Amino acid sequence: MKLYLKIWRQLNATSKGEMVDYEIDGVTEHMSFLEMLDLLNESLIQLKERVIEFDHDCREGICGQCGVMINGRAHGPLKHTTTCQLHMRSFKDGDTIYIEPFRATAFPVVRDLKINRTSFDSIIVAGGYIGASTGQAPEANSIPISYETVEASFDAAACIGCGACVATCKNSSAALFVGAKITHLALLPQGKIEASKRVLTMVDQMDTEGFGACSNTEACEVECPQGISVLSIAKMNYEYNKALIMKK
Amino acid sequence: MIDSKIPDGPLADKWNTYKAKAKLVNPANRKKLTVIVVGTGLAGSSCAASLAEQGYNIQSFCFQDSPRRAHSVAAQGGVNAVKNYKNDGDSVFRMFYDTIKGGDFRSREANVYRLAECSASLIDQSVAQGVPFAREYGGYLNNRSFGGVQVSRTFYARGQTGQQLLLGAYQSLLRQVNTGKVTMHTRHEMLELVLVDGKAKGIIARNLETGAIERHAADAVVLATGGYGKVYYLSTLAMGCNSSALWRAHKKGAYMAGVSWIQFHPTCLPQHGANQSKLTLMSESLRNDGRIWVPKKVGDDRLPNSIPEEERDYYLERRYPAFGNLAPRDISSRAAKERIDSGHGAGPMKNAVYLDFSDAIAAQGKKTIEAKYSNLFAMYEKINGIDAYKEPMLISPAAHFTMGGLWVDYELMTTIPGLFALGEANFADHGANRLGANSLLQACVDGYFIAPYTIPNYLSGELNTTKVTTEHPAFAEAENSVREQLNRFLQSKGTLSTDYFHKTIGRLLYEKCGLSRSKQNLEEAIVAIKSLKASFEKDLLITGDDTLNSELEKAGRVADYIELAELMCYDALQREESCGAHFREEYQSNEGEAVRNDTDYCYVSAWEWKGIANPPELHKEPLVFENVELAVRSYK
Ligand SMILES: Cc1cc2nc3c(=O)[nH]c(=O)nc-3n(C[C@H](O)[C@H](O)[C@H](O)COP(=O)(O)OP(=O)(O)OC[C@H]3O[C@@H](n4cnc5c(N)ncnc54)[C@H](O)[C@@H]3O)c2cc1C
Ligand code: SF4
Ligand code: FES
């Protein structure tokens, strides 16, 4: 099939970007969206032009490094699907596709479609872990954890850190990402002792990084490739309020 | 003679003896010592976090935008550990034996025993970090059995075990960033190793965001840079995985071992077109319920469901009745290739076999199968648009795991003093074939439990040597060679892209040094690689400049792949036997099984770089088996 692409090109964080038109032919329905971009880049090389920079690595929906806005939707038209797992059978011959980077103040553009998501790591640095030192952990079965608890913890732990939730949120809030980590750790007995300190430092850092506040629009859950539930945001708020009260 | 430094004494005591005698560094002195850790996968993160906790300064590097994206994140199936929770007779010795046998008697006894010995602690460690492993209803840990063994010792976190283990290690790493003991350098690629007086003292890295070339000095360097299966272009590995860190260390004097031992995973999605960039793994756990078959008739074009039972060949069940569909990876992959090559392949490109769940669905009900594998079936449908509850899956073998890598001794140190290699980047532990779920284990055990003893043992000797800074001429020299190479790529005025060369070397290797090898093919490959190398020098075309430029990044990686590919062929050619993942067509039984030659090849091949114009030099590390008897590896 033949497609008309409008792609965001931007040299670096400080320069001005613009949408540029491209045409591409010979796309097959089996190709992934990123393979379609590979094909376009191959043709740009033949024209001696600089390639379009985009982020990706695993190409199987698990590393969280890919992600662009496709026709205004984070990761494209399918629910719960990363950009690398989107295939061209979702498009048809003659379509025009708009491709832009995930946009948020806390995610500055690096070049073209590549963005800087270090702000996510900074939130984890602030407290997104259990303080277990390596090498002397107690026997794993000494603390039983119920099946349901582990499954619920897992549902939240599955976040891949892609940032689609932020990109799709009108406030650029990182609440789903942070809520997921808070929920994952707060549910487990190992994580309980530090729960109040963790939620305070992480939420603080989220604000420092320039993410907006959550206004319960719930657009994030719709676009999250891992289907992380907005209930994790409620859990975060609960843990946060509890921690504030306990702190006094 | 290369010295593997295996401690004396009985097998079961070796590691304890080593730990008891290892030299320590006084806590007050640790802050004077810096270690560079390249890679933030399971091996790199766990090592960096452990050393930082002890008080050393760590400089941590990865090429992704966040340490959490290292390719360990992609592992699905599970991680092995001797806990004997099922009371089914598991023990350290049994795991040791399974692993030695699984590796076709081409790994070191002492390393493998230590792997099994440390495995139980890994589960404790991860659970303490908050890894949500599968649980029984009573709240205790659950586990299952995996290809090639007869006990239940595989722990798992749904189909995302690697992701969860990595997040645990990543969080430990970032916890140390918080304390100031770890400095993170993301989007940085190591391009050269710096040696001072023959010891590893630093690296040259390129900042992938700005293009700046940076110097970093340290008292020791750890490479935990993962596997190089992407040399085949189509593989289960991430697009960014590469061999550059290893290869550049090799050219500085570190030996590479077992380089041609590449595992082809039997249950991947087949290639479907020329523009495909990777092959996706389907968890091997599917083989617990799926039956593998091909049509009996050559070139049978009927849809799978219209091929009657008696016209199907369940070739694994036929050839390996004891293990059937659960035969180890090398055997299952080779058997699939044999069927495909003889014209029985299925699918649009005739390059696949069927993995059929209809019997399991009939016997257990669709609900049960859904409960076990629904995410995999959903993934299959996403990629292929086919409902595998109704029609068998198409699967095919794909390049997956590299048993080879930098040669290391028992301390995980390479032939360059002060240069350590951990995880998939080293050759140790797996022999000529890796059993499923042993690699996550090795990466973690190397970083959490072994390097934290062996690296300080080395560092204790570095305390009183003069501090090397980035002003040392060795840094300037290394930096120059990196700059020269990048300039050469940018000035190359050819017509062919880096991807063209990557795909070409990949196809060549797959055909001549892939699932099966022969003398003639390997000799032809060496000639072809030399001419591809010459073509790369003059026909390469790179657009863009020396700032952020993914084409420029790829060029360096592909240049290294081409040289590595040549070494792989030498390695495969020299080993005139069939073992594990290495199948030399000249050495097979009448039934087509691999024939090992213990009299002449019971050693590790460690190769030394001798310059671009010369063939590499082989060093042999004899493998001594004192605790197991070398047996024919039979799964019949
Ligand atoms: C799809 C898939 C499924 C798997 N499933 C299983 C399983 O179920 N069980 C199991 O035991 N094993 C499994 N494996 C194997 C296992 O995941 C890997 O062997 C293991 O995770 C490797 O870990 P590592 O830390 O050595 O390397 P990796 O996790 O690959 O990390 C490499 C790191 O090095 C960095 N790096 C590399 N080169 C450079 C450079 N030049 N400069 C800077 N940084 C660099 C990267 O950025 C990355 O951080 C699977 C592998 C794949 C591909
Ligand atoms: S919560 Fe979902 S959308 Fe947000 S970073 Fe995690 S996986 Fe991506
Ligand atoms: S490339 Fe890893 S999630 Fe898409």
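On a predicted model such as this, the values are computed, not experimentally measured, just so you know.

Rules used in this analysis
Residues numbered from 1 in each chain as written. Chains lettered and ligands numbered in written order. Predicted model: local features only at pLDDT ≥ 70, side-chain atom pairs only at ≥ 80, totals over all residues. Heavy atoms only, no water. Helix = DSSP H or I, 4+ residues; strand = E, 2+ residues; numbered from the N terminus. Buried < 20%, exposed > 50% of the residue type's maximum accessible area, 1.4 Å probe, protein only. Contact = heavy atoms within 4.5 Å. Areas by Shrake-Rupley, 256 points an atom, 1.4 Å probe, with all protein chains shown as cover. Lys, Arg positive; Asp, Glu negative; His and termini not counted. Charge placed at Lys NZ, Arg CZ, Asp CG, Glu CD. Expected span 1.5 Å × (residues − 1). Near = heavy atom within 4 Å. Nonpolar A, V, L, I, M, F, W, Y, C, P; charged D, E, K, R; others polar. Pairing = 2+ DSSP bridges. Axes fitted to C-alpha atoms, helices over the stretch in contact; angles between N-to-C directions. Polar contact = N/O pair within 3.5 Å; in protein donor to acceptor, adjacent residues only side chain to side chain. Phe/Tyr/Trp six-rings, centres within 6.5 Å; stacked < 30°, edge-to-face > 60°. Lys NZ or Arg CZ within 6 Å of the ring centre and 35° of its normal. Parallel < 35°, antiparallel > 145°, perpendicular 65-115°, else oblique. Left-handed = near helix turned anticlockwise from the far one by under 90°. Buried area = accessible area lost by both parts, 1.4 Å probe. Salt bridge = Lys/Arg side-chain N within 4 Å of Asp/Glu carboxyl O.

Caption draft 1: Quick peek at the overall build of chain B. Within chain B, the secondary structure is distributed over 17 helices and 19 strands. Taken along its principal axes, the extent of the C-alpha atoms in chain B is 75 × 60 × 50 Å. Residues classed as buried in chain B amount to 67% of the 636 residues present. Intrachain contacts of chain B at a sequence separation of at least 6 include 74% that bridge at least 24 residues. Only carbon and sulfur atoms are counted for the fraction: they give 50% of the accessible area of chain B, which is about 21000 Å². The distance from the centre of the 73 positive side-chain charges to the centre of the 74 negative ones in chain B is 3 Å.

Caption draft 2: Spotlight on the overall build of chain A. Counting its secondary structure elements, chain A contains 9 helices and 7 strands. Judged by the C-alpha coordinates and their principal axes, chain A covers about 60 × 35 × 35 Å. Put simply, chain A has 248 residues, and 56% of those count as buried. Counted over contacts in chain A with a minimum sequence separation of 6, partners at least 24 positions apart contribute 69%. Taken as a whole, chain A presents about 9900 Å² of accessible surface, with 54% of it coming from carbon and sulfur. Distance from the positive charge centre (24 side chains) to the negative charge centre (30 side chains) of chain A: 5 Å.

Caption draft 3: Representation of helix α5 (residues 175-187) of chain A. In this model α5 of chain A runs 17 Å from its N-terminal to its C-terminal C-alpha over 13 residues, within 8% of the 18 Å that 1.5 Å per residue would give. Burial analysis of α5 of chain A places 12 of its 13 residues in the buried class, the great majority of the element.

Caption draft 4: Highlighting the site of ligand 2. Neighbouring residues of ligand 2: F120, C159, I160, G161, C162, G163, A164, C165, L176, C224, P225 and I228 of chain A. Taken together, the residues of the shell around ligand 2 sort by class into 10 nonpolar, 2 polar and no charged.

Caption draft 5: Structural detail: the sheet that holds strand β8 (residues 213-217) of chain B. Residue and element names in this part refer to chain B. Spatial ordering of the open sheet is given by β6-β7-β8, a layout of 3 strands whose pairing is antiparallel. Each end of this open sheet is capped by a strand with a single partner; those strands are β6 (188-196) and β8. Direction aside, the axes of adjacent strands within the sheet are offset by 25 degrees on average. Of the strand pairs in this sheet, β6 and strand β7 (residues 199-207) are connected by 8 bridges, and their pairing is antiparallel. Bridging across to β7, E192 finds its partner in I204.

Caption draft 6: Inspection of the environment of R596 of chain B at higher detail. All names here are of chain B. You can see R596 is positioned in the loop between α16 (550-574) and α17 (598-601). Under the relative-accessibility criterion, R596 is labelled buried at 17%. Measuring from C-alpha to C-alpha, the distance between R596 and G103 comes to 12 Å, with 493 residues separating the pair along the chain. In this structure, R596 is in contact with D104, F105, R106, E577, S578, C579, L630, A631 and R633, ignoring residues within four places of it in sequence. A distance of 2.8 Å separates the side chain of R596 from the side chain of D104, its partner in a polar contact.

Caption draft 7: Quick peek at the packing of aromatic side chains. Applying the stated criterion across every chain, the model contains 29 aromatic pairs over all chains. Between the aromatic rings of F33 of chain A and F91 of chain A, the centroid separation amounts to 5.9 Å while the plane-to-plane angle is 40 degrees, which identifies the pairing as tilted. Here the residue F33 of chain A occupies a position in helix α1 (residues 33-46), and F91 of chain A occupies one in the loop between β4 (73-74) and β5 (96-100), the gap between them amounting to 58 residues. On the basis of relative accessibility, which here comes to 9%, the residue F91 of chain A falls in the buried class. The interplanar angle of 70 degrees and the centroid separation of 6.1 Å between the aromatic rings of Y18 of chain B and Y410 of chain B together place this pair among those described as edge-to-face. Of this pair, Y18 of chain B sits in helix α1 (residues 14-21) while Y410 of chain B sits in the loop between β16 (405-406) and β17 (419-421), and the two are 392 residues apart along the sequence. Neither Y18 of chain B nor Y410 of chain B differs from the other in exposure class; each is buried. Three or more aromatic residues joined by ring pairs form one cluster here, namely F107, F120, F177 and F211 of chain A. The ring centre of W15 of chain B lies 4.8 Å from the NZ or CZ of R114 of chain B, which sits over that ring. Directly above the aromatic system of Y233 of chain B lies the positively charged group of K230 of chain B, at a separation of 4.9 Å from the ring centroid.

Caption draft 8: View of the packing of helix α2 (residues 118-125) of chain A against helix α7 (residues 195-208) of chain A. Residue and element names in this part refer to chain A. α7 packs onto α2 with a crossing angle of 155 degrees between their chain directions and a minimal axis gap of 8 Å. With respect to each other, α2 and α7 are oriented roughly antiparallel. Considering only the axes of α2 and α7, their crossing is right-handed. Residues S122, I123 and I124 of α2 touch α7, and the partners they reach there are M202, Q205 and M206.

Caption draft 9: Structural detail: the environment of L34 of chain A. All names here are of chain A. With respect to the element layout, L34 can be found in helix α1. Spatially, the C-alpha atoms of L34 and F54 are 8.8 Å apart, while their sequence positions differ by 20 residues. Excluding its chain neighbours within four sequence positions, the residues that come into contact with L34 are F54, H56, R59, C66, T83 and C84.

Caption draft 10: Representation of the site of ligand 1 in the model. Residue and element names in this part refer to chain B. Close to ligand 1 lie 37 residues, the nearest being Q64, S72, E424, S439 and L440. Against a free-state accessible area of 1000 Å², the protein chains account for coverage of 97% of ligand 1. In the shell around ligand 1, the residues fall into 17 nonpolar, 17 polar and 3 charged.

Caption draft 11: Looking closely at the pairing of β7 of chain B. Residues and elements named next belong to chain B. The element β7 is extensively covered by neighbouring structure, given that 8 of its 9 residues are classed as buried. Counting the residues between successive antiparallel strands, the hairpin from β6 to β7 contains 2 residues, one of them, D197, with a positive phi of roughly 50 degrees. In terms of strand pairing, β7 meets β8 through 5 bridges, oriented antiparallel. Paired with A205 across the strands is E214, a residue of β8.

Caption draft 12: Up close: the interface of chain A and chain B. Chain A puts 75 residues into the contact, and the matching count from chain B is 77 residues. Interface area for chain A against chain B, summed over the two sides, is near 6500 Å², with a carbon-plus-sulfur share of 50%. When the buried area of chain A at its contact with chain B is split by residue, E60, T134 and F154 of chain A rank highest and sum to 11% of it. In this structure, the salt-bridge partner of R187 of chain B is D55 of chain A, at a minimum N-O distance of 2.8 Å. At the boundary of chain A with chain B, the tally comes to 43 residue pairs in polar contact (both at pLDDT 80 or more). Among the secondary structure elements, those contributing two or more residues to the side of chain A that touches chain B are α1, β6 (109-111), β7 (114-115), α2, α3 (147-157) and α5 of chain A. Take the side of chain A that touches chain B: its biggest share by element is 8 residues, from α3 of chain A.

Caption draft 13: A look at the pattern of salt bridges. For the coordinates displayed, the defined rule picks out 71 salt bridges over all chains. In this structure, K6 of chain A and D21 of chain A form a salt bridge, with 2.9 Å as the shortest nitrogen-oxygen distance. With K6 of chain A in strand β1 (residues 3-9) and D21 of chain A in strand β2 (residues 18-24), the pair connects residues that are 15 residues apart, well separated along the chain. The class for K6 of chain A is partly exposed, based on a relative accessible area of 23%. One salt bridge connects E577 of chain B with R575 of chain B, and the closest N-O pair in it is separated by 2.8 Å. Taken as a pair, E577 of chain B and R575 of chain B share a single burial class, namely buried. Bridged by salt links that share partners, the residues D55 and R117 of chain A together with D65, R69, R187 and E209 of chain B form one connected network.

Caption draft 14: Focus on the sheet that holds strand β14 (residues 353-356) of chain B. All names here are of chain B. With antiparallel pairing, 5 strands are arranged side by side in an open sheet as β11-β15-β14-β12-β13. Lying at the two open borders of the sheet, with one neighbouring strand each, are β11 (262-268) and β13 (312-313). As defined by bridge partners, β14 adjoins strand β15 (residues 393-402) across 3 bridges and the pair is classed as antiparallel. When the sheet's bridge partners are listed, Y354 is paired in β15 with L394. This element, helix α9 (residues 329-344), spans β11, β12 (291-295), β13, β14 and β15 of the sheet and lies at about 70 degrees to β11.

Caption draft 15: Looking closely at the packing of α2 of chain A against helix α6 (residues 161-179) of chain B. For the pair α2 of chain A and α6 of chain B, interaxial distance at closest approach is 8 Å and the crossing angle is 80 degrees. In terms of their interaxial angle, α2 of chain A and α6 of chain B are classed as roughly perpendicular. Each of D121, I124 and V125 of chain A in α2 of chain A lies in contact with α6 of chain B, whose residues at this interface are Y170, Q171, L174, V177 and N178 of chain B.

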